[in-house]
Amino acid sequence: VRNYLAFGTPLPASVLGQARIYDYVDTFNYQASPTWDGLLARGWQALSLQRLEALLHNGRVFLLSTFPWGLLALPGVWLLRREWALSLPFVYGLLLFLVTAVVFPVSTVSGTFYHSLGAVVPLLALSAVHAVQWAGRHLGRARLLARPLLVGVLAGLVVLAGAQTILTLPAIAERHRAEGEQFGAVAAWLAQHAAPGSVIMTSQPYTLNYASGYPAVVLPGNESPDAAWEAAQRYGAQFLVVTQTFGNYPDILQDPDPRFRLLDSINGAEIYAIGRGQP
């Protein structure tokens, strides 16, 4: 009901609508929704390259999300191919990998496959364990070789998992610190200058809402300031907060526009006052 009253529809954008998108930021267009004609006008080479990149992205997500044991799952899946009880999950995992990349490449590289992969991780873990068990059973005939080999594999997995944690945690911590400082500073600015309940248009509405408590709507970043201004009037947005490069923004506002008056720049975020009335 709330979605219908606020946006005129009870549901988010249609699934087919996601298939028509060439650029992630087009998802948030206000004046003109992406069309099939616009997508096809990109040309088959660009569309093919986009899907190839999505397939490579899915491969990277699989390897990184299941590192270091994920590669063991691949022979395990092959060894379990005759287990009919697992055939449906196997088919689902394969379709998830291929269909998300080929039909919904933009959504895929924006997080759809990453968030969906968890549905097949138990199956992948089972396959990896089966591969190790199969290797142990067949190497068991050479007992002098089997035990050191299996111990070496397990030790290697533990070392690789530990190395991944040590190498990635500093970057994750730095990003968390930087975004915490940025959104904390923006939230403090809004608390001083914006009335409670003021609507904020922004490039990152979920994070800004979480950090500040102010209701937020997304900036139609690939459209002109006309579209942003119309959307702001529709939803009563009083401030525009651009926290990162988002489509045409903030570069498009380097040319002065009386409807968007720059008020402050804080920790890499630009804050504008949105004018009211007629354009």
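Residues numbered from 1 in each chain as written. Predicted model: local features only at pLDDT ≥ 70, side-chain atom pairs only at ≥ 80, totals over all residues. Heavy atoms only, no water.

**Quick look at the overall build of the protein**
On a plain count of helices and strands, the protein comes out with eleven helices and five strands. For the protein, whose C-alpha radius of gyration is 25 Å, the value lies well above the compact-globule estimate of 19 Å for 279 residues. Reported as C-alpha extents along the three principal axes, the dimensions of the protein are approximately 85 × 40 × 40 Å. For the protein, restricting intrachain contacts to residue pairs at least 6 apart in sequence, the fraction spanning at least 24 positions comes to 67%. Summing over all exposed atoms, the protein offers an accessible surface of approximately 16,900 Å²; the carbon and sulfur share of this is 64%. Here the protein contributes 17 positively and 16 negatively charged side chains, and the mean placements of these two sets differ by 19 Å. (Helix = DSSP H or I, 4+ residues; strand = E, 2+ residues; numbered from the N terminus. Rg over C-alpha atoms; globule rule 2.2 N^0.38 Å. Contact = heavy atoms within 4.5 Å. Areas by Shrake-Rupley, 256 points an atom, 1.4 Å probe, with all protein chains shown as cover. Lys, Arg positive; Asp, Glu negative; His and termini not counted. Charge placed at Lys NZ, Arg CZ, Asp CG, Glu CD.)

**A few points about the nonpolar core**
By size, the foremost hydrophobic cluster in this structure holds 18 residues, and its most contacted members are Met201, Leu219, Ala237, Leu240, Phe260 and Ile274. Beyond its immediate chain neighbours, meaning those up to four positions away, Leu219 contacts Phe28, Met201, Thr202, Ser203, Ala228, Leu240, Val242, Phe246 and Tyr249. (Core = buried A, V, L, I, M, F, W, Y, C linked by side-chain atoms within 4.5 Å. Buried < 20%, exposed > 50% of the residue type's maximum accessible area, 1.4 Å probe, protein only.)

**As for the packing of aromatic side chains**
Summed over the entire model, instances satisfying the criterion amount to four aromatic pairs. Taking the centre distance of 5.4 Å and the plane angle of 85° together, the rings of Tyr24 and Phe28 count as edge-to-face. Overall, Phe28 belongs to the partly exposed group, its relative accessible area being 22%. Here Phe28 and Phe246 contribute two aromatic rings whose centre-to-centre distance is 5.9 Å and whose plane-to-plane angle is 40°, an arrangement assigned as tilted. Residue Phe28 is found in the loop between helix 2 (15-19) and helix 3 (36-40), and its partner Phe246 is found in the loop between strand 3 (237-242) and strand 4 (260-266); the two are separated by 218 residues along the sequence. The structure contains a cluster of three or more aromatic residues connected by ring pairs, namely Tyr24, Phe28 and Phe246. Positioned above the aromatic ring of Trp78 is the side chain of Arg81, whose terminal nitrogen or guanidinium carbon lies 3.9 Å from the ring centre. (Phe/Tyr/Trp six-rings, centres within 6.5 Å; stacked < 30°, edge-to-face > 60°. Lys NZ or Arg CZ within 6 Å of the ring centre and 35° of its normal.)

**Considerations on the pairing of strand 1 (residues 199-202)**
Burial of the side chains of strand 1 extends over both faces: Val199 and Met201 are buried on one face and Ile200 and Thr202 on the other. The sheet contact formed by strand 1 and strand 2 (residues 216-218) spans three bridges and is parallel. Paired with Met201 across the bridge in strand 2 is Val217. Since strand 1 and strand 2 lie parallel, the crossover through helix 10 (residues 205-212) that links them has a hand, and here it is right-handed. (Pairing = 2+ DSSP bridges. Right-handed = clockwise from strand over helix to strand, strands pointing away.)

**Some words on the packing of helix 4 (residues 44-65) against helix 7 (residues 105-116)**
Interaxial distance between helix 4 and helix 7 falls to 9 Å at its minimum, and their mutual angle equals 10°. In terms of their interaxial angle, helix 4 and helix 7 are classed as roughly parallel. Residues Gln50, Arg51, Ala54, His57, Asn58, Val61, Phe62 and Ser65 of helix 4 touch helix 7, and the partners they reach there are Pro105, Val106, Thr108, Val109, Phe113 and Tyr114. Class assignment for the residues of the contact of helix 4 with helix 7 results in eight nonpolar, five polar and one charged. (Axes fitted to C-alpha atoms, helices over the stretch in contact; angles between N-to-C directions. Parallel < 35°, antiparallel > 145°, perpendicular 65-115°, else oblique. Nonpolar A, V, L, I, M, F, W, Y, C, P; charged D, E, K, R; others polar.)

**What about the pattern of salt bridges?**
Pairing between side chains of opposite charge can happen when the charged atoms of each approach one another. Under the defined criterion, the tally for this structure stands at five salt bridges. For the salt bridge of Glu174 with Arg177, the shortest nitrogen-to-oxygen distance reads 2.4 Å. Taken as a pair, Glu174 and Arg177 lie in helix 9 (residues 143-193) at a separation of three residues, close to a single helical turn. Note on Arg177: relative accessible area 38%, which makes it partly exposed. (Salt bridge = Lys/Arg side-chain N within 4 Å of Asp/Glu carboxyl O.)

**Thoughts on a nonpolar patch on the surface**
Together, Val91, Leu94, Leu95, Leu98, Val99, Val102 and Val103 line one region of the surface with nonpolar side chains, adding up to about 540 Å² of accessible area. With respect to the helices, strands and loops of the structure, Val103 is situated in helix 6 (residues 87-103). (Patch = residues over 30% accessible without salt bridge, like charges linked within 9 Å, V, L, I, M, F, W, Y side chains within 5 Å.)

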